[in-house]
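Read off the chains here:
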Amino acid sequence: DAANTSLPMLPVVPAAQVFRARAQYVDLPGLSGIQYVTAYSQGVSPLLSGEIQYVFQGLSADGQFYVTAMFTLQTPLFPSEVPPDFNYDDFLAGFSNYMRQSVDMLNAAAPGDFTPSLDSLNALIGSFAFAG
């Protein structure tokens, strides 16, 4: 649902999921679930590089294990800090457009535009194995 802005997250984060991007279903040999990029916040503020999160939520193929993984991403797509000349009133007035553009930018970004690379994190998730 493109209108919905949040996806499942356990454990519950004590903040709002302010967007979701790059959401996709993953079906791997030992694991299936969803992976996405998001940020959590308790207020309305600009997105910063170190606040972006990679999230995976899934189940082992046998249904016995719930797997959650969350990694903080760095990306040059967003600044590392709020600029000194930041105008909060102007930001609030254009917030909906800002969020739409931010999600579009994240969806269009290459996996290597993030540190760690999204390909590396996807490979890590794909390496999970369950014995017994």
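If you're wondering where the values come from, they're calculated on a predicted model, not measured in any experiment.

Undergrad: Hey, could you run me through the side chain of Ser 41 in this one?
TA: Tracing the sequence through the fold places Ser 41 in strand β2 (residues 31-41). Separated by 2.7 Å, the side chain of Ser 41 and the backbone oxygen of Gly 43 make a polar contact. Beyond its immediate sequence surroundings of up to four residues, Ser 41 is in contact with Ala 15, Ala 16 and Val 18.

Undergrad: Is there a simple way to think about the environment of Ser 102 in this case?
TA: In this fold, Ser 102 is placed in helix α2 (residues 95-108). You can call Ser 102 buried: its relative accessible area is 3%. Sequence-wise, Ser 102 and Asp 90 are twelve residues apart; in three dimensions their C-alpha atoms are separated by 16 Å. Each residue touching Ser 102, except ones within four places of it in the same chain, is listed here: Leu 47 and Phe 78.

Undergrad: Just to check I follow, could you spell out unusual backbone geometry for this structure?
TA: Across residues other than glycine, the phi torsion is negative in most instances, and most of the peptide bonds are trans. Thr 115 connects to Pro 116 through a cis peptide bond whose omega is 0°. Examined against the element boundaries, Pro 116 turns out to sit in the loop between α2 and α3 (118-126). Not every positive phi belongs to a glycine, and Arg 22 is a case in point at roughly 55°. Secondary-structure assignment places Arg 22 in strand β1 (residues 16-28).

Undergrad: Can you help me understand the pairing of strand β4 (residues 66-73) in this one?
TA: A regular strand carries its side chains on alternate faces of the sheet. As defined by bridge partners, strand β3 (residues 52-60) adjoins β4 across eight bridges and the pair is classed as antiparallel. When the sheet's bridge partners are listed, Val 55 is paired in β4 with Met 70. Connecting β3 to the antiparallel partner β4 that follows it, the hairpin turn spans five residues, and Gly 63 within it adopts a positive phi of roughly 75°.

Undergrad: Even after reading the chapter, I still don't get the nonpolar core, so can you show me in this structure?
TA: In summary, soluble globular proteins display a tendency toward joint burial of nonpolar side chains. Core analysis: the largest hydrophobic core is formed by 22 residues, its most contacted members being Phe 19, Leu 47, Ile 52, Tyr 54, Phe 56, Leu 73 and Leu 118. Of all the elements in the fold, those that place two or more residues in this core are β1, β2, β3, β4, α2 and α3.

Undergrad: Where do I start with the sheet that holds β2 in this structure?
TA: Sheet strands pair via backbone hydrogen bonds, and the direction of the pair is either parallel or antiparallel. With antiparallel pairing, four strands are arranged side by side in an open sheet as β1-β2-β3-β4. Looking at the sheet topology across the chains shown, the edges are occupied by β1 and β4. The mean angle between the axes of side-by-side strands here comes to 20°, regardless of whether they run parallel or antiparallel. Here β2 pairs with β3 via eight bridges, running antiparallel. From the neighbouring strand, Leu 31 faces β3, where its bridge partner is Ser 60.

Undergrad: What exactly am I supposed to notice about the packing of aromatic side chains here?
TA: Where two aromatic rings form a pair, the distance of their centres and the angle of their planes describe that pair. In this structure the tally under the stated criterion is seven aromatic pairs. For the ring pair Phe 65 and Phe 130, a centre distance of 5.3 Å and an interplane angle of 15° mean the geometry is stacked. One end of the pair, Phe 65, is in the loop between β3 and β4; the other, Phe 130, is in the segment after α3, and 65 residues separate them in sequence. Taken together, a centroid distance of 6.2 Å and an interplanar angle of 65° make the contact between Phe 86 and Tyr 88 edge-to-face. The partly exposed category is assigned to Tyr 88, whose relative accessible area is 38%. Members of the aromatic cluster, each reached through a chain of ring pairs, are Phe 86, Tyr 88, Phe 91, Phe 95 and Tyr 98.

Undergrad: I would appreciate a short explanation of the environment of Thr 38 in the present structure.
TA: Among the secondary structure elements, Thr 38 is positioned in strand β2. Leaving out residues up to four positions away in the same chain, Thr 38 has contacts with Gln 17, Phe 19, Arg 20, Glu 51, Ile 52, Gln 53 and Val 55. Here the side chain of Thr 38 touches Phe 19 through a polar contact of 2.4 Å, landing on its backbone oxygen.

Rules behind the numbers
Residues numbered from 1 in each chain as written. Predicted model: local features only at pLDDT ≥ 70, side-chain atom pairs only at ≥ 80, totals over all residues. Heavy atoms only, no water. Helix = DSSP H or I, 4+ residues; strand = E, 2+ residues; numbered from the N terminus. Polar contact = N/O pair within 3.5 Å; in protein donor to acceptor, adjacent residues only side chain to side chain. Contact = heavy atoms within 4.5 Å. Buried < 20%, exposed > 50% of the residue type's maximum accessible area, 1.4 Å probe, protein only. Pairing = 2+ DSSP bridges. Core = buried A, V, L, I, M, F, W, Y, C linked by side-chain atoms within 4.5 Å. Axes fitted to C-alpha atoms, helices over the stretch in contact; angles between N-to-C directions. Phe/Tyr/Trp six-rings, centres within 6.5 Å; stacked < 30°, edge-to-face > 60°.

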